[in-house]
Amino acid sequence: MAGKTEIDVVNSPDLESAFTAYLLRLDLEERRYREAECKLALVRAEGLARGNKWEEAWPRYAEAMSHLVGPHLKVPLDPANGGGVRCPVYMNFTMDECLTAMTCCNGVASSLHESRNLVKALDWAYEVDVLHKNARFAAEPIFDWEVFLPSPPCLEFHRQHLLGLVTASDILLKLGNTGSAAYCRNVGNTIVSSLPSAVDQLSLRQEVLPIGAVQTIMQFRHPDPTIYRSLEMKNPDLQVRGSWQRLKWADSSKVTSRMAHSCFIYKSRLYVCGGQRSGTIELYRDVWCLDLVRMNGWRELPSYRKPFLNSPMVVHEGKAYLFRGASTVDYLDLERETWGRFQTHFVNARGGRDQWPYKEGLTDFAAHAVNGKIYVFGGKYKRPIGCNFFAVLDIASKTWRHLSGTQDDVPLKPQYDVPGVRKNLASWVDESQGKIYIMYGMADRQAANLFKTEFASTEGFVYDDCWSWDIAKGRWQRERIVGNYPCPRAEMSVCYNPATKQTMMFGGYNPALPYYVEGSLTCFGFNYFSDTFVLDHSVPGAPRWKQVITGSFPTYRAQGQLITDPATGRTYLFGGYTNTDWVPTGKANLTKSYGDVWQLRVDVPGGLFDEVDWEDERRSAQLGPWMACYSCGSVGVWKRCSGTCDGRVFFCTPACQKEGWPEHRQKHGCRARR
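Residues numbered from 1 in each chain as written. Predicted model: local features only at pLDDT ≥ 70, side-chain atom pairs only at ≥ 80, totals over all residues. Heavy atoms only, no water.

Enquirer: For this particular structure, what's the right way to read the side chain of Arg 445?
Expert: Tracing the backbone through its elements, the reader meets Arg 445 in helix α11 (residues 445-450). Glu 146 provides the closest opposite charge to the buried, salt-bridge-free Arg 445, at an N-O distance of 7.5 Å. Residues contacting Arg 445, with those up to four places away along its chain left out, are Trp 145, Ile 385, Phe 455, Ala 456, Ser 457, Glu 459 and Phe 461. (Helix = DSSP H or I, 4+ residues; strand = E, 2+ residues; numbered from the N terminus. Buried < 20%, exposed > 50% of the residue type's maximum accessible area, 1.4 Å probe, protein only. Lys, Arg positive; Asp, Glu negative; His and termini not counted. Salt bridge = Lys/Arg side-chain N within 4 Å of Asp/Glu carboxyl O. Contact = heavy atoms within 4.5 Å.)

Next comes the structure, spelled out in structure tokens:
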């Protein structure tokens, strides 16, 4: 009809808004339907749980959770979610939906725990924490060291989180993982103490986490020799046998004991560079080398031009590179055994020269050489708390690029899509050389307090996270930490072993995990570790942590260096330090450093465990500064055998020595010295 405007139905804003409203109604109706189905299954599950029918209860709890999340998400560890912590479904939950999901996961975890299915029980207990983290991600960003308190306040949110932490703690303690068990309860204790309402605190103390239960578990060392000596392999999916052996070499040469040093292996030779002897102001610039095949003693190489601390060296094509924050990068030519250096600069996205972001004196960072490039993450150079600046150096072009993170002269803001600022972290590269992992480490708020800078606190803070950087895609993903995992820490020793397809972790330090000395009023606000863990990568896409149960273990220490020889698959530990008040050493100094070399073997294919006499090692064990009596098995500070075995075994009393001597003489060929 002439003069009448034709209506564009497809592009009509009224139609668009109407269709949007229609979709929202559909989504709301679907969510209400799923919630009703979830509540029905949850009622059935709780009825079965009250009747102690655990095997029937946990599938009902899981069914309730599946109704809530919908058919496209598998809980827990959904492969479609890439194994990451961030989950869009969880972040889109209302508080009521989040509480229901937490209830379901806690129900599954506790039922499986009662059914003694510890692997799945841990997975579901951890899922409660994943839900908690996603509620945090959906809210206004805060720094990791700040306790998340939802708005409006919700006591049940904290109660459900605590239930998950306590269940995980109970399972981990049964497995002998005292560190992570204590950490879970300590996190719960921090949550309760942070609540503004004293009534709410009292309620959670009475229902879920009594203060006595926290203090009791804080009386363990990690591992604790009183229970570790009798620890048995209960679950091969969460535990694995291993062996620590202290190595000796042919001559009397030795490297000065040290901490804060650099360590690497090239052509089956162990190199030790720089560092500091604890308890002194003496800094090192020396370089030493030990042939791990011949074991014929230490050999000194040309020293570096100046002393250095906490700066890792990385090897690429016969050269060990040392970056310390300056634009000049040094290297040790391992074939010629001479030092060299070259100049570098930063470039921006368009290839132009960019401003230099660091200053000389960068320490406590992670560094890796991957396919002709050196990746550097974190550490400390201006802010005492640490940084999250991530950069890569192309060795051939001698140019750096900024990949992620914040420079120290830029105001720091909380972010959830990149790792937080940290130092003394664990890091490794996967077998395919496609991903770089970082884990744990600390935001040194105590150092910030010492220097009167921002984010200062008298309390230390250690991260509980793990991140992967996809080199090809150029992005971070926060990974889930599953299995019998190591307690969060800093200054730990870590490496990847391609022969066993495992990431290995030993020792470390936590500035925020208290240790109460049993039978006294002494309390240390920190912990040192001597436990060993491996992250098993043998199942593609589903790495799981296991604790390594060993007969003996090196003394509790931090800043040791764990390295794998790629030529032999053997893994070695060198050096480190400990606090002599925390670990009795008989020395008056506050700290003690080490210059010992240990070898770690693990009972997996390629782990060289066929060389180990497991039962004999357990009977002649040295558990840090304590020993196991060869005759009765009691743990204490005992005397070494004074025979020709060079102190291979220990006896607690003359009576035990008399009883155990014939067997020891026959098995180890020991004879009395004349």
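There's plenty left to go through after this.
Enquirer: Before we go on, may I ask you to explain the packing of helix α6 (residues 155-174) against helix α8 (residues 198-207) in this structure?
Expert: Angle between the axes and distance between the axes: these two values describe a pair of packed helices. Where α6 contacts α8, the two axes come as close as 11 Å, and the packing angle between them is 30°. Judged by the inter-axis angle, α6 sits roughly parallel to α8. Like other packed secondary-structure pairs, α6 and α8 cross with a definite hand, here right-handed. Counted together, Leu 155, His 158, Arg 159 and Leu 162 of α6 and Asp 200, Ser 203, Leu 204 and Glu 207 of α8 form the full contact between these two elements. Looking at the contact of α6 with α8 residue by residue, the class counts come to three nonpolar, two polar and three charged. (Axes fitted to C-alpha atoms, helices over the stretch in contact; angles between N-to-C directions. Parallel < 35°, antiparallel > 145°, perpendicular 65-115°, else oblique. Left-handed = near helix turned anticlockwise from the far one by under 90°. Nonpolar A, V, L, I, M, F, W, Y, C, P; charged D, E, K, R; others polar.)

Enquirer: Help me understand the packing of α6 against helix α7 (residues 178-194), please; the structure alone is not making it clear to me.
Expert: Viewed as axis vectors pointing N to C, α6 and α7 meet at an angle of 160°, and their least axial separation amounts to 7 Å. Classified by the angle between their axes, α6 and α7 sit roughly antiparallel to one another. Judged by the sense of rotation from one axis to the other, the crossing of α6 with α7 is left-handed. Here α6 contributes His 158, His 161, Leu 162, Leu 165, Val 166, Ala 168, Ser 169, Asp 170, Leu 172 and Leu 173 to the contact with α7, which in turn contributes Thr 178, Ser 180, Ala 181, Cys 184, Arg 185, Val 187, Gly 188, Ile 191 and Val 192. Split into classes, the residues belonging to the contact of α6 with α7 amount to 11 nonpolar, six polar and two charged.

Enquirer: For this particular structure, what's the right way to read the packing of aromatic side chains?
Expert: Given two aromatic rings, one states the distance between the centres and the angle between the planes to describe the pair. Scanning all chains against the criterion turns up 52 aromatic pairs. Relative to Trp 582, the ring of Tyr 515 has its centre 5.4 Å away and its plane inclined at 55°; by these criteria the two rings are tilted. Within this pair, whereas Tyr 515 is found in strand β24 (residues 515-516), its partner Trp 582 is found in the loop between β29 (571-579) and β30 (591-602), the two being separated by 67 residues in sequence. Judged on exposure class, the residue Tyr 515 and its partner Trp 582 are both buried. (Phe/Tyr/Trp six-rings, centres within 6.5 Å; stacked < 30°, edge-to-face > 60°.)

Enquirer: Which parts of the structure should I look at to understand unusual backbone geometry?
Expert: With the exception of glycine, the majority of residues adopt a negative phi angle, and the majority of peptide bonds are in the trans configuration. Geometrically, the link from Val 75 to Pro 76 is a cis peptide bond, its omega value of -10° lying close to zero. In this chain, Ser 151 is followed by Pro 152 through a cis amide linkage whose omega measures 0°. Within the chain, Asn 424 stands out as a residue other than glycine whose phi angle is a positive 55°. Structurally, the position occupied by Asn 424 is in the loop between β15 (399-404) and β16 (426-429). Despite not being glycine, Gln 559 shows a phi value in the positive range, around 60°. Counting through the fold element by element, Gln 559 comes out in the loop between β27 (544-550) and β28 (561-564).

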